[in-house]
Structures are given as structure tokens and as C-alpha cells.
Amino acid sequence: MQTGLFYSNSIVHMLAVQIMEGLFLRIFDAHCDVLWRMWENREISFKDSEILHVTWDGLKKSAAKVQCFAVYVPEKVRKESAFDVALEMIDIFYEEILQRFPNMKLITTKRDIGELKEGQIGAILTLEGCDAIGTDLDKLRTLYRLGISSVGLTWNHANAVADGILEERGAGLSSFGKSVVKLNNDHFIWTDVSHLSVKGFWDVMELGEYVIASHSNCKDLCHNPRNLSDEQVQALIQKDGAIGVTFVPQFLSNNSQASITDILRHVEHFCTLGAVEHIGFGSDFDGIDQTVQGLHKIEDYSNLVNSLLKYYSETEIRGFLFDNFYKRFPK
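Numbering of residues starts from 1 in every chain and runs along the sequence as written. Side-chain atom pairs in this predicted model are given and counted only at pLDDT of 80 or more, local residue features only at pLDDT of at least 70, and totals for whole chains, interfaces and linings cover all residues. Calculation of side-chain values draws on the structure's entire complement of heavy atoms; hydrogens and water are dropped beforehand.

Novice: Any chance you could break down the environment of Val 305 for me, citing the residues and the numbers?
Specialist: With respect to the element layout, Val 305 can be found in helix H12 (residues 301-308). Only protein chains enter the accessibility calculation, which uses a 1.4 Å probe; a residue whose area is less than 20% of its type maximum is buried, one above 50% is exposed, and one in between is partly exposed. Judged by relative accessible area, Val 305 falls into the buried class, the value being 2%. Numbering goes from the N terminus for both helices and strands, where a helix is a DSSP run of H or I of at least four residues and a strand is a run of E of at least two.

Novice: Outline the pairing of strand S2 (residues 64-71), supporting the account with residue identities and numerical values.
Specialist: Most of S2 sits out of view: eight of its eight residues are buried. Pairing between two strands is assigned when DSSP locates at least 2 bridges connecting them. One ladder, built from three bridges, connects strand S1 (residues 27-29) with S2; its direction is parallel. Bridge assignment links Ile 27 to a residue of S2, and that residue is Ala 64. Taken together, the six bridges between S2 and strand S4 (residues 121-128) define a ladder with parallel strand orientation. If you follow Phe 69 over to S4, its bridge partner there is Leu 125.

Novice: Can you tell me about the pattern of salt bridges, naming the residues and giving the values?
Specialist: Salt-bridge detection follows one rule: a side-chain nitrogen of Lys or Arg within 4 Å of a carboxyl oxygen of Asp or Glu. Across all of its chains, the model carries 14 salt bridges by this definition. Its salt-bridge partner being Arg 169, residue Asp 163 comes within 2.5 Å of it at the nearest N-O pair. Looking at Asp 163, the relative accessible area reads 1%, which means it is buried. Where salt bridges share partners, they join Lys 47, Asp 57 and Lys 60 into one cluster.

Novice: So what's going on with the side chain of Ser 253? Which residues, and what values?
Specialist: With respect to the secondary-structure elements, Ser 253 resides in the loop between helix H10 (249-252) and helix H11 (260-272). Separated by 3.2 Å, the side chain of Ser 253 and the backbone oxygen of Gln 257 make a polar contact. When sequence neighbours within four positions are dropped, the list of residues in contact with Ser 253 reads Cys 222, Ala 258 and Asp 262. What qualifies as a polar contact is a pair of N or O atoms within 3.5 Å, subject to a donor-acceptor requirement within protein and to the restriction that residues adjacent in sequence count only when both atoms come from side chains. Should any heavy atoms of two residues lie within 4.5 Å, those residues are counted as being in contact.

Novice: Summarise the packing of helix H8 (residues 198-207) against helix H9 (residues 230-238); cite the residues concerned and give the values.
Specialist: The relative placement of two packed helices is expressed as an angle between their axes plus a distance between the axes. Only the contacting stretch of a helix is used when fitting its axis, a line to C-alpha atoms as for every element, and angles between N-to-C directions run 0 to 180 degrees. At a minimum axis distance of 11 Å, the contact between H8 and H9 shows a crossing angle of 20 degrees. If you check the angle between H8 and H9, you find them roughly parallel. Handedness of the H8/H9 crossing: left-handed. In this structure, H8 contributes Val 198, Phe 201, Trp 202 and Met 205 to the contact, and H9 contributes Glu 231, Gln 232, Ala 235 and Leu 236. The residue inventory of the contact of H8 with H9, partitioned by class, reads six nonpolar, one polar and one charged. Our angle categories are set so that under 35 degrees counts as roughly parallel, over 145 as roughly antiparallel, 65 to 115 as roughly perpendicular, and the remainder as oblique. Note on convention: near helix rotated counterclockwise from far helix by under a right angle means a left-handed crossing. Clockwise means right-handed. Residue classes follow a fixed rule: Ala, Val, Leu, Ile, Met, Phe, Trp, Tyr, Cys and Pro count as nonpolar, while Asp, Glu, Lys and Arg count as charged, and any other residue, Gly among them, counts as polar.

Novice: Please provide a residue-by-residue account of the nonpolar core, values included.
Specialist: Within this scheme, the nonpolar core is defined by two criteria: the residues are buried Ala, Val, Leu, Ile, Met, Phe, Trp, Tyr or Cys, and they are joined through side-chain atoms within 4.5 Å. In this structure, Phe 46, Phe 69, Met 104, Leu 153, Ile 263 and Phe 281 are the most contacted members of the largest nonpolar core, which totals 98 residues. When residues in this core are grouped by element, the largest group, 10 residues, is from helix H4 (residues 82-98). Once residues lying within four places of it in the same chain are set aside, the contact partners of Leu 153 are Gly 129, Cys 130, Asn 159, Val 161, Leu 173, Val 180, Val 181, Asn 184, Thr 191, Asp 192, Leu 196 and Val 204. Grouped together as the second largest cluster of nonpolar side chains are 15 residues, Trp 190, Tyr 210, Ile 212 and Phe 329 included.

Novice: Explain unusual backbone geometry residue by residue, including any values.
Specialist: Its identity is not glycine, yet Phe 188 carries a phi of approximately 55 degrees, on the positive side. Looking at the element boundaries, Phe 188 is found in the loop between helix H7 (175-186) and strand S6 (190-192). In this model, Asp 240 sits at a positive phi of 60 degrees, which is unusual for a non-glycine residue. In this fold, Asp 240 is placed in the loop between H9 and strand S8 (242-245).

Novice: Let's hear about the side chain of His 266: which residues, and what values?
Specialist: Topologically, His 266 is positioned in helix H11. A polar atom in the side chain of His 266 sits 3.1 Å from the backbone nitrogen of Cys 218. Not counting chain neighbours up to four residues away, the residues in contact with His 266 comprise Asn 217, Cys 218, Leu 221, Cys 222, Val 245, Phe 251 and Leu 252.

Novice: Break down H8 for me, citing the residues and quoting the values.
Specialist: Every buried residue belonging to H8 is among Gly 200, Phe 201, Asp 203, Val 204 and Met 205, and all of these are buried. In this structure, the buried side of H8 is in contact with H7, S6, strand S7 (211-213) and H9.

Shown next as C-alpha cells:
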């Protein structure tokens, strides 16, 4: 790895101790699916459930400072019920997470993040796929008012906004989809291109003002269609977007089994494309059944941090873990 600096074992140990004490490194994780898991099984407790990858206890043990919570309406839900299900997940967010854990604070502005006190963790509400809004912009405005700060346009398949990456047709944004992106712009909302078709991606590059890929990796290293080509990565850099390297094994390795070394390979490839100041992490915890070796839950982020410390400077690591997403939060 050529971009970062190599540290001696003693310095790595010293920095690792500092991390564990929370002295200078914080984590901004751009994607998890806790709300979907808790909607599927109402008996799950956010506090300490062994079923979840992200829990309140786990967040406290880690250096987490901001966690994004996705509203993902699964395909099994009938179209006419999709908005209601999205509201049910948002209700879980407010009642089972924010209400029960007062030190978990709703984030809707960059100032909210800056005002987090010691012991407090920010929670950003995001939408993964616009299936919930159908063809109704009023529903999207309602979700903004409820706290949605980032809008992923599709999951893997088609909706009224665009085609997802697994839709064979491969169409881009519809006229309605262009209206959605413009409304995101007007309301200072992230437009998230993870899961979007290639044509849709380039349409967003033309229209979007606040663009991210919350959880996507490098197609050059792993050929899964969900990953981004070098050309797409460079377009995101030119758009001043952030890219969340994700912990999905099949997006990290062509063998569908992955280690932290595979995550570092994707980080370094992004760096070679000029993305040092655009890289973040979007774990996709609780949206996956198989996990990276040594990175099974949110509290295991320390294992990734300790590996990063072998190759990158403190400034670069601060960026990867927190600053690169934080400084691009639109509001």
C-alpha cells in the first residue's frame, strides 16, 4: 500500500490505546439495517440483542459517534403498504431507539453533530430505496419532516424513480426520479447512488448536488455489480461526494469470504484513484448474514482501526472513519 505511512509496532500500540480511550478517533458509519431487523422481529431489543450487529451497548463500546439507520422496505411488502411500513420503521426508530436511549440523539444538521457531548451518539435516519413513496413527492416531503437526511433512490430492482443495479433493463432516472433528485437538492438532502443502475448513476451525476455512495466497493477488485467502476469513483470525487467502503463479503472478495485485509485493499484502491479525502465506511451491518473475519459487530471496528494504523496517517484515518462523511453532510 503506497498512499499511507507505515508505523512501528510500538507506535501502533500507542495509537491503538488512544483509540480505545476515545481520545481522537470517532466513527461515522453511513449504513446499517437495524430498523429492518427490528421491524421483522418486534421482540429484538436494541440495547444488547445478540441477533443484531449494531446495538446500544455495542455502540458505546466502540468509538462510534454517528450511526446512519436505513429505512428499507423489503420487496415482499405490497406496493400499497410500502409507505405505511416505512412509517412503522420510523416509529421504531423514535420509540425503541431514541426514546429508550436518551444519549442517542437525532441528527438532521451538521451543527447537531458538532454539538454532541461526551457519551452521546448521533443517529441519522436514511431511506434505502424510494419504493415507499410510489410516485408521490408529498410522501417524500413527509419523510424529510420526520428526519430523513439521505435518500437512496433504489434497492436492487426497479421502482418509479429508476432501475436498480440488478434490473436487466438498466434504465436511468425517470421524469419522476429527476424530480426526486431536484427535491433532495432543494432540501439539502443526500442523494445516495448505492444500489442504483449504471445509467441512473450517471443521471444523478448530472443533476445531484449532494451525492454519496453510502455502501459500495471497487468493481476493479471485486466484480459484483453492486460495486463501482473506477470511472464512477472518479465522478464521485469530482462531485465532492463521499464513498462508504462496505463490509459485505461478496462486495469485498470474488470468493465471497473476506477479511479486514480485503477492506484495506478497497480503501487503497480508492486512494490510488485520488479518493483519500472522500473515503468513509458504510458497514451494512444487520443487512448481511455473513460478516468479515474479525469484524462481526459494531464494537469490532477497533480491529479495522488497528489495521489502518499500520498503513495510514492519523489525518487520513480521521478522514476515513469520520471527517469525510461529516464535512459533506449537506445541512
